[in-house]
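Chain residues, written in single-letter form:
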Protein chains: 10
Amino acid sequence: MPHAETAKSAEKALSQALQRDGQGRHLWRVLGQYANYSVFDVAGNDELHEILQGLPLYPYLAIQVTPLAQHPSSLAASEN
Amino acid sequence: MPHAETAKSAEKALSQALQRDGQGRHLWRVLGQYANYSVFDVAGNDELHEILQGLPLYPYLAIQVTPLAQHPSSLAASEN
Amino acid sequence: MPHAETAKSAEKALSQALQRDGQGRHLWRVLGQYANYSVFDVAGNDELHEILQGLPLYPYLAIQVTPLAQHPSSLAASEN
Amino acid sequence: MPHAETAKSAEKALSQALQRDGQGRHLWRVLGQYANYSVFDVAGNDELHEILQGLPLYPYLAIQVTPLAQHPSSLAASEN
Amino acid sequence: MPHAETAKSAEKALSQALQRDGQGRHLWRVLGQYANYSVFDVAGNDELHEILQGLPLYPYLAIQVTPLAQHPSSLAASEN
Amino acid sequence: MPHAETAKSAEKALSQALQRDGQGRHLWRVLGQYANYSVFDVAGNDELHEILQGLPLYPYLAIQVTPLAQHPSSLAASEN
Amino acid sequence: MPHAETAKSAEKALSQALQRDGQGRHLWRVLGQYANYSVFDVAGNDELHEILQGLPLYPYLAIQVTPLAQHPSSLAASEN
Amino acid sequence: MPHAETAKSAEKALSQALQRDGQGRHLWRVLGQYANYSVFDVAGNDELHEILQGLPLYPYLAIQVTPLAQHPSSLAASEN
Amino acid sequence: MPHAETAKSAEKALSQALQRDGQGRHLWRVLGQYANYSVFDVAGNDELHEILQGLPLYPYLAIQVTPLAQHPSSLAASEN
Amino acid sequence: MPHAETAKSAEKALSQALQRDGQGRHLWRVLGQYANYSVFDVAGNDELHEILQGLPLYPYLAIQVTPLAQHPSSLAASEN
């Protein structure tokens, strides 16, 4: 299997593992682009940096991290 | 209650109603800003436009809609 | 026929098929550029993403999707 | 009726007249924004400039005109 | 003559032909850059698109077309 | 006459004087905008700065000056 | 004391308290601007969002949060 | 060792030397990117330019230098 | 004298004092704009920040400081 | 000597000749970048364009020319 395909399936396997253990909370494709929105729930910045650096496709990715906080109107906030 | 506070609490009430009925799927605050990421699951563009136009704070909001598609690596895609 | 020409004529054939079946509603060239404005009418985001991904030139395209809604002043809106 | 509402309904009336006489070919709302995509078919730049300047909301609009040409893959081009 | 020089002299010949027949009205170099401002006077967008596409250097050019209209303060407007 | 109208007609008078004496070589309106492209032929930067500062509408203008040089393919260059 | 001065001295007092308890690790002024670079060390995003929202000048600030991770070449990393 | 690895370890060694002698005051990784924030404390611009030019990875770096000044609310300022 | 004129003449006086004592090395107007390029030669960032903050027009200025270093091809560098 | 080194030393020689004859008035390095600010004093745009085009490194340079005018507060202006 060409290098690109190997890397892509390794990326998919790791992504699904992260989703199963709850660190990878959401993953969407940007319509019409080879680009994603991913939402992570991790213990801190260093942990997320390690996850991202460990992605097989990391060397080919342009990543922009936008830190999120709980929104006061979210139902989750009301339940806390 | 001043106009701004009335509009904000009406916004919160509508937002939570949208979350309860499943159209408003996710809502996060951008850290350090009076800005949000909201993820909607709706029947089509006209429905979403109507929802957004109906927000009490709509006249004061700068909204950028990025259409999303299902990601082939998402667990949801694997289950489909 | 060189690869580029094959891909371009396959792109043209697919584009015209999309236009005939009503998904591809409009297609214009941006004056002076190898760039287009295309307007699609589809059932939802996943369907459009699949169409775009299926374009022979997709790997070479920089696509920006702007979701549109019906305009209250459009004659179509008045007829609804 | 307040000034804004008068201007808006005059804008709607003019817009629909332009659509009926074929100069205003398409009009869509950008989802989530008080912004439009309009497609005009006119005799030349001066005619379009006059139409736009004559819009009641012109003083409040930020207009960006992108000139379009016929696309070689459009069905209309094949029919010519 | 290397390909680049052939294309450049063909570009110059075509550009001067366009200037002589009045379609190419003005041509200036942007100071310090391999970039131009060109002003064309043509019958319509399709005609200009064809001219630009026919330029020998077209595949290597980044073209931005800004449509112009007659200015009410221009002497030409006063003479009309 | 309101201040704005006075300033605009003074601007038009000065603009036409500049065109008659050859300093103001070209003046076009950007289609759909209250914006211009003006081409000046002056002795040097200080002279152009003085002309622009002297425009009645100067305090309300956002001016971007792009210095131009003669283009080697322009007919004028061939005649020199 | 005018409102602005009261808010500024309250901002200074809070800022220095944050520095003393170690959450506010660094604070520099951008040369020539009324703008800062601040580095915080906090337990998580929600805690930082609360700190920033609590700043007296928060309503007047344009904040851009860039999440940082430990650098492998930093002496601190070598000591860990 | 491949050239890139040699350059990276030379970069790390120099970076740590700069940190030990106090010129390199802080060094953080931008989360998710192969990019840094570095804070230097040097005698002047020429000294910093020499340090940066001397970095083994300098030819491959896109550096943006933002000059900083002491902030009036920083504890260091209060101690001065 | 209106406040703006007082501030402007105070700005001019201070600017000329800075030029006479050698801190303000160069001062040019950007052609067509109420904007400047100023070159300062100072002992360090804090000194420059103090100078800029002390300008009567400082509250109304959008300042962008680009730190410069000696150029290896400058005659001054050859003389050092 | 490799091509790049030959071009760079030819560039330095020409730059210093321009400085000696007064056309090249100032030359600074942007701190941390392989980029310059150069100030020229020339008879007109065509002369400057010729100088820039004649630079050995011209094909590799991204040049942005900002035209300057005498500043009313500059000591030079007061002496005129």
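All values reported here derive from a predicted model rather than from experimental measurement. (Residues numbered from 1 in each chain as written. Chains lettered and ligands numbered in written order. Predicted model: local features only at pLDDT ≥ 70, side-chain atom pairs only at ≥ 80, totals over all residues. Heavy atoms only, no water.)

Asker: I would appreciate a short explanation of the overall build of chain A in the present structure.
Answerer: When helices and strands are counted, chain A shows 3 helices and 3 strands. Reported as C-alpha extents along the three principal axes, the dimensions of chain A are approximately 50 × 30 × 20 Å. Long-range pairs, those at least 24 residues apart, make up 26% of the contacts in chain A with a sequence separation of at least 6. On chain A, roughly 4600 Å² of surface is accessible, and the fraction owed to carbon and sulfur atoms is 53%. Treating the 5 positive side-chain charges of chain A as one cloud and the 8 negative ones as another, the clouds have centres 12 Å apart. (Helix = DSSP H or I, 4+ residues; strand = E, 2+ residues; numbered from the N terminus. Contact = heavy atoms within 4.5 Å. Areas by Shrake-Rupley, 256 points an atom, 1.4 Å probe, with all protein chains shown as cover. Lys, Arg positive; Asp, Glu negative; His and termini not counted. Charge placed at Lys NZ, Arg CZ, Asp CG, Glu CD.)

Asker: Help me understand the confidence of the model for chain A, please; the structure alone is not making it clear to me.
Answerer: Regions with low pLDDT should not have their predicted coordinates read in detail. Summing up the model confidence of chain A, the mean pLDDT is 96 and the portion of residues at 70 or higher is 98%. The ipTM assigned to the predicted complex is 0.94, against a pTM of 0.94. (pLDDT = per-residue confidence, 0-100.)

Asker: What should I look at first to understand the sheet that holds strand β3 (residues 68–70) of chain F in this one?
Answerer: Strands in a sheet are paired, the pairing made by backbone hydrogen bonds, and the direction either parallel or antiparallel. Here we have 3 strands laid out as an open sheet, ordered β2(E)-β1(E)-β3(F), and antiparallel in their pairing. Across the chains shown, the open sheet's two edge strands, defined by having one partner strand only, are β2 (36–40) of chain E together with β3 of chain F. Going from strand to strand, the sheet's axes swing by 40 degrees on average, the running direction of each strand aside. Taken together, the 3 bridges between strand β1 (residues 24–30) of chain E and β3 of chain F define a ladder with antiparallel strand orientation. Within the sheet, the bridge partner assigned to Val-30 of chain E lies in β3 of chain F and is Leu-68 of chain F. The strands touched by helix α2 (residues 45–53) of chain J are β1 of chain E together with β3 of chain F; relative to β3 of chain F, the strand with the most contacts, the crossing angle is about 85 degrees. (Pairing = 2+ DSSP bridges. Axes fitted to C-alpha atoms, helices over the stretch in contact; angles between N-to-C directions.)

Asker: I tried to follow the interface of chain A and chain B on my own but got confused; where do I start?
Answerer: Listed per partner, the contact involves 25 residues of chain A and 25 residues of chain B. In total, chain A and chain B occlude about 2400 Å² of area from one another, counting both sides; carbon and sulfur atoms represent 64% of this. For the pair chain A and chain B, the interface holds 0 salt bridges. For the pair chain A and chain B, the number of links is 18 residue pairs in polar contact (both at pLDDT 80 or more). Where the side of chain A that touches chain B is concerned, the elements lending two or more residues are α1 (3–20), β1 (24–30), β2 (36–40), β3 (68–70) and α3 (75–79) of chain A. Considered class by class, the residues forming the side of chain A that touches chain B number 11 nonpolar, 11 polar and 3 charged. (Buried area = accessible area lost by both parts, 1.4 Å probe. Salt bridge = Lys/Arg side-chain N within 4 Å of Asp/Glu carboxyl O. Polar contact = N/O pair within 3.5 Å; in protein donor to acceptor, adjacent residues only side chain to side chain. Nonpolar A, V, L, I, M, F, W, Y, C, P; charged D, E, K, R; others polar.)

Asker: What's the story with the relation of the copies chain A and chain B in this structure? I'm lost.
Answerer: For the pair of chain copies, the relating transformation is a rotation about an axis with a translation along it. For the pair chain A and chain B, the best superposition has an RMSD of 0.0 Å and corresponds to a rotation of 180 degrees with a translation of 0.0 Å parallel to the axis. Taken together, the rotation angle and the small translation identify this as a two-fold axis. Every residue of chain A has its C-alpha some distance from the rotation axis, and the shortest such distance is that of His-26 of chain A, at 5.0 Å. (Least-squares fit on C-alpha atoms with pLDDT ≥ 70 in both.)

Asker: Looking at this structure, I do not really get the interface of chain J and chain I. What am I missing?
Answerer: Size of an interface: often given as the accessible area lost when the parts come together. With 25 residues of chain J in contact, the opposing surface of chain I contributes 25 residues. Counting the surface lost from both chain J and chain I, the interface buries some 2400 Å², and carbon and sulfur atoms represent 64% of this. Our count for the chain J to chain I interface comes out at 0 salt bridges. Where chain J meets chain I, there are 18 residue pairs in polar contact (both at pLDDT 80 or more). Those elements giving two or more residues to the side of chain J that touches chain I turn out to be α1 (3–20), β1 (24–30), β2 (36–40), β3 (68–70) and α3 (75–79) of chain J. Looking at the side of chain J that touches chain I, its residues break down into 11 nonpolar, 11 polar and 3 charged.

Asker: Would you mind going over the pairing of β2 of chain A with me for this structure?
Answerer: Put simply, side chains in a regular strand alternate between the two faces of the sheet. Residues and elements named next belong to chain A. Judged from the 5 bridges that link them, β1 and β2 form a sheet pairing that is antiparallel. For Leu-27, the partnering residue across the bridge sits in β2 and is Ser-38. Linking two consecutive strands that pair antiparallel, namely β1 and β2, is a turn of 5 residues; a positive phi of about 85 degrees is found at Gly-32 within it.

Asker: Where do I start with the UniProt feature "domain: Muconolactone isomerase" (unreviewed entry) in chain A in this structure?
Answerer: The positions that UniProt labels "domain: Muconolactone isomerase" (unreviewed entry) are, in the present scheme, residues 4–73 of chain A. A distance of 42 Å separates the end C-alpha atoms of residues 4–73 of chain A, which is 37% helix and 21% strand. (UniProt positions renumbered as here; feature names shortened; annotations may be inferred.)

Asker: So what exactly am I meant to see when it comes to helix α2 (residues 45–53) of chain E here?
Answerer: Residues three or four positions apart in an α-helix share a direction because the helix packs 3.6 residues into each turn. Within the sequence span of α2 of chain E, burial applies to Leu-48, His-49, Ile-51 and Leu-52 of chain E. The arc enclosing the buried residues of α2 of chain E, seen along the axis, measures out at 160 degrees, which places them on a common side. (Buried < 20%, exposed > 50% of the residue type's maximum accessible area, 1.4 Å probe, protein only. Arc of directions from axis to C-beta.)

Asker: Whenever I open this one, the sheet that holds strand β1 (residues 24–30) of chain C confuses me. Can you help?
Answerer: Pairing is antiparallel in the open sheet, where 3 strands are placed in the order β2(C)-β1(C)-β3(D). The open sheet has two edge strands with one neighbour each: β2 (36–40) of chain C together with β3 (68–70) of chain D. Between one strand and the next, the sheet's axes are offset by a mean angle of 40 degrees, whatever the strand orientation. Helix-sheet contacts for α2 of chain E involve β1 of chain C together with β3 of chain D, and the interaxial angle to β3 of chain D is about 85 degrees.

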